[in-house]
Amino acid sequence: MPRMNKTLRNSAIFLVVIGVLGAALALDLTNRGLFWQFAWSRTGEEAPLAQVRGLVEWSVGLTRPQPRTQPMTAIQHSNVNPYGINTFLEQEADPAKVDEQLRMIADAGFVWIRQQFEWAELEVDGPGQYTDNRNDLDGDGEPDTISAWIKYDNIVENAERYGLQIQVRLDNPPLWSRTEPVEGTFGPPDDLQQFVDYAATVAARYQGRLYHYQVWNEPNLGFEWGGRSVDPERYTEMLCRTYDALKAVDPDIVVITGAMAPTIDLSGYNLMDFIFLQRMYDAGAADCFDVLSVQGYGLFSGPTDERLNPMQVNIGRNRYMRDIMVANGDAHKPIWISEAAWNAVPSEAEYPDPIAARYAFGQVTEQQQADYAVELYQRAQQEWPWVGVVNYWFFTRASDRESDQSFYYFRMVEPDYSDEKPSFTPLPVYDAMRGFIMSQQPTLYMGTHQAAGHWAIQATDGESIPAQNGRYDKSLRAASLTFTAHGTDVTLRWRGAVALEVNGRTYPGSADGWNRTTLHDTLTPQTATFTITAQTPVEVNAVVVQNRPFEKIVPLAVPLIVGVVMLL
C-alpha cells in the first residue's frame, strides 16, 4: 500500500507539473510571449495551434539535407539597391497618372520598377512595323497610324526624371505570331526569331538608358505558355537566342530569366520550379543568363517562415533554387525576386460580393500585409546574400474593375486617381515601406560584397575600375569611403597604398598586392560604421562580412564547461 501511495503521489505531481507547463505555454502563446516569439521566428505563423504544428514541421525539416547556398561566394549583380516594385504603366492612357505613380514610387524610396514592354503593343500591325493603327484619333471614321513607341518612350523618360531604373519584362506576343489559337495571350510565338528580333529592337532603342531585360514570365506555368504543357528546353532556346541578341546590342545588358513560379505541380501543364530549372541547365541555360528570377509570395505563412520542405511553398523557397544553381556551377550568380507580397483580400463578411478564387493566394489583413512586406525586405538583406532586387507585387492597377479577382488585393495604393484628386490613396503597406526605406541605414550583412557600385557604400569621388585577380572584376577606387556592417567579422580586400586609416586607426598594407585587413572581430554580431581614408586613392575590391558566433564561442565555452565539471 505505501508503494502504491507513492506511485499515485508521483503521478499526481507529474500531472500537476504538466498542467502548469501547459498553462504557462498557453498563456505565453495567447499573450505573444517569448515562446510565441520563438515559434513566429521559425514558422511565420501567428495562430498558436498553427505555431505548434509549424514547429514540428520545422524540426522535421532540420533532419533533411540542407540547401547548399554558399553564402560567402562573390556574387555578381548583388550590390544593387534591393527596393523594386511592379508597375502596369502601359495600361494608363493618361500621362499624368503615369507621372504620379512614378513620383509616389520614388518618394517611397523605391529605385526599381519592373515594367512590361508588351510585344503585342509594340508590333501591333505586323512584324517589324512598330506602329499602331487600331484607333480613329481624329474622328474621320478611318484608323490613324501612330508610333507604338510613344507610351513606352514616355515611361522611360518619366522613370529617368525620378531616378528610377527599369527591369524590362519582355513577353505577351501579338496574335499574328502564332498560327494556332492559344489560351490567353501569353503563348510563345511559332518562330522564336521574331521574339528575339523584338527584344533586340527594344534594347537598341533604349541603348545606354535601359540595361536590365527579363525574358518571359513564369515559363513553368501552362497559363503563361499558351495553355499548353510547358517546355523547359524550348524556353531555354528562347532564352539563349535572346541573350546573344541582347549582348550583341550592348555587352553591359543584364539578362534576367523569366521568373520561376513556386509550384509543386508535376502534371506537365505546370512543372515544379526545381525540375524546370534543372532541365534548363541540362539544356545549356548556364551560359544564357546573368540573373535567375523567382517569385517570392508568402501565401499562407509570414516572412519569418524557416520551414524547409521541397513540397511546401513558403517565402524561403529561393534557398532550394540557390542550391540547384550551386550544384550547376552558378554560385556566382544572384537571384532576383520578381514578385513578392501577401494578399489582403477581404473576407466574405467584409466584402460580400463574389471574388474569384478568393483565398487562392492566402489572406492577411492590410496591417499584416504592411508588416510582412517590411520584414521580408529586412530578412532578404540579413539572411540571403545571393538575393539582389526584391520587387513588390504591385503598385496599382489602372482601375478597380478587377476587384472581383483575388490578385487585385496585392495592390499598394488604390487606383482612385481623378482630376479632382490627382493622386492615389496609399494603403498601409505603402506607408510602412516608405517609412522603412527612408529611415533605414544601408547595412552590409553576411556575405562577400562588391565595393564598386554598392548601394550601401558611400565614397568620395569614387570610380569603378577594372580589377586584376580580385574577387570581383571591378573595384571601387576612392580616397575616402564609409559603410556600416553587421556581423562578427568584417574584412576589407584592398590595394594601392602602403597604409590606410579606418576610424582613426592605421592599418599597414602593400601598395602592389592585395591586402586582406580585418576591421572588426567580435564574439557576437555587432553593428559598426567604418570610415576609411588614405593619402592617395585606394582600390577596394570587396568587403567580407561574416556571422560566426557559434564557431567563436564554442571553443571558449567547452574548456570552461569541462573545468567546472572537473571541479564538481
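As a reminder, the structure under discussion sits directly above these lines.
The structure presented is a predicted model; accordingly, all values stated were derived computationally and were not measured. (Residues numbered from 1 in each chain as written. Predicted model: local features only at pLDDT ≥ 70, side-chain atom pairs only at ≥ 80, totals over all residues. Heavy atoms only, no water.)

Chemist: Help me understand the sheet that holds strand β7 (residues 254–257) in this model?
Modeler: Consider a sheet: its strands pair through backbone hydrogen bonds, and that pairing is either parallel or antiparallel. Spatial ordering of the open sheet is given by β7-β6-β5-β2-β1-β10-β9-β8, a layout of 8 strands whose pairing is parallel. Every other strand in the sheet has two partners, leaving β7 and β8 (292–295) as the edge strands with one partner each. Along the sheet, successive strands turn relative to each other by an average axial angle of 25 degrees, direction set aside. Note that strand β1 (residues 83–87) and strand β2 (residues 112–116) share 4 bridges and pair parallel. Following the sheet pairing, Thr87 is matched in β2 by Gln115. Helix α7 (residues 192–205) rests against β5 (165–170) and β6 (212–215) of the sheet, and its axis sits at about 165 degrees to β5. (Pairing = 2+ DSSP bridges. Helix = DSSP H or I, 4+ residues; strand = E, 2+ residues; numbered from the N terminus. Axes fitted to C-alpha atoms, helices over the stretch in contact; angles between N-to-C directions. Contact = heavy atoms within 4.5 Å.)

Chemist: Got a minute to help me understand helix α9 (residues 273–282) in this structure?
Modeler: Because each turn of an α-helix spans 3.6 residues, side chains separated by three or four positions end up pointing in the same direction. Residues of α9 that are buried: Asp273, Phe274, Phe276, Leu277, Met280 and Tyr281. Here the buried residues of α9 occupy an arc of 165 degrees about the axis, which is enough to place them on one side. Buried residues along α9 sit in contact with α8 (232–249), β8 and α10 (318–327). Taken from the residues just after α9, Gly284 is the one with a positive phi, measuring 100 degrees. (Buried < 20%, exposed > 50% of the residue type's maximum accessible area, 1.4 Å probe, protein only. Arc of directions from axis to C-beta.)

Chemist: What's the story with the nonpolar core in this structure? I'm lost.
Modeler: One recurring pattern in soluble globular proteins: nonpolar side chains tend to sit buried together. By size, the foremost hydrophobic cluster in this structure holds 108 residues, and its most contacted members are Phe110, Phe117, Val202, Tyr213, Met412 and Met433. Excluding residues within four positions of it along the chain, Val202 makes contact with Phe117, Leu122, Trp149, Val168, Leu170 and Tyr213. Counting residues in each nonpolar core, the second largest holds 26 residues, with Ala478, Leu492, Val543 and Val545 among its members. (Core = buried A, V, L, I, M, F, W, Y, C linked by side-chain atoms within 4.5 Å.)

Chemist: So what exactly am I meant to see when it comes to helix α4 (residues 95–107) here?
Modeler: For α4, built from 13 residues, the straight-helix expectation of 18 Å at 1.5 Å per residue is met to within 8% by its first-to-last C-alpha distance of 18 Å. Residues of α4 that are buried: Lys97, Val98, Glu100, Gln101, Leu102, Met104 and Ile105. The N-terminus of α4 is capped by Asp94, whose side-chain oxygen sits 2.9 Å from the backbone nitrogen of Ala96. Gly109, located one to two residues past α4, shows a positive phi value of around 100 degrees. (Expected span 1.5 Å × (residues − 1). Polar contact = N/O pair within 3.5 Å; in protein donor to acceptor, adjacent residues only side chain to side chain.)

Chemist: Sorry if this is basic, but what is going on with a negative patch on the surface here?
Modeler: A contiguous patch of negative charge, built from Glu180, Asp190, Asp191 and Asp197, is present on the exposed surface. Inspection of the secondary structure assignment puts Glu180 in the loop between β5 and α7. (Patch = residues over 30% accessible without salt bridge, like charges linked within 9 Å, V, L, I, M, F, W, Y side chains within 5 Å. Areas by Shrake-Rupley, 256 points an atom, 1.4 Å probe, with all protein chains shown as cover. Salt bridge = Lys/Arg side-chain N within 4 Å of Asp/Glu carboxyl O. Lys, Arg positive; Asp, Glu negative; His and termini not counted. Charge placed at Lys NZ, Arg CZ, Asp CG, Glu CD.)

Chemist: Honestly, the pattern of salt bridges in this entry has me stumped. Any pointers?
Modeler: A pair can form between side chains of opposite charge whenever their charged atoms are brought close. With the rule as written, the count across this model stands at 33 salt bridges. For Arg169, the salt bridge goes to Asp171, with nearest N and O atoms at 2.8 Å. For Arg169, a relative accessible area of 9% translates into the label buried. With relative accessibility at 1%, the residue Asp171 sits in the buried group. A salt bridge links Lys247 to Asp290; its shortest N-O distance comes to 3.0 Å. Placement of the pair is Lys247 in helix α8 and Asp290 in the loop between α9 and β8, with a sequence separation of 43 residues. Each member of the pair, Lys247 as well as Asp290, is classed as buried. Each of Glu45, Arg53, Glu57, Asp305 and Arg307 takes part in a single network of salt bridges with overlapping partners.

Chemist: Help me out: how do you make sense of the state of the cysteines in this one?
Modeler: Note on terminology: disulfide describes a covalent bond linking the sulfur atoms of two cysteines. Summed over all chains, the structure comprises 1 disulfide. Note that Cys240 is cross-linked by a disulfide to Cys288, the S-S spacing being 2.0 Å. Judged by the sign of its S-S torsion, about 95 degrees, the cystine formed by Cys240 and Cys288 is right-handed. Of this pair, Cys240 sits in helix α8 while Cys288 sits in the loop between α9 and β8, and the two are 48 residues apart along the sequence. (Disulfide = S-S within 2.5 Å.)

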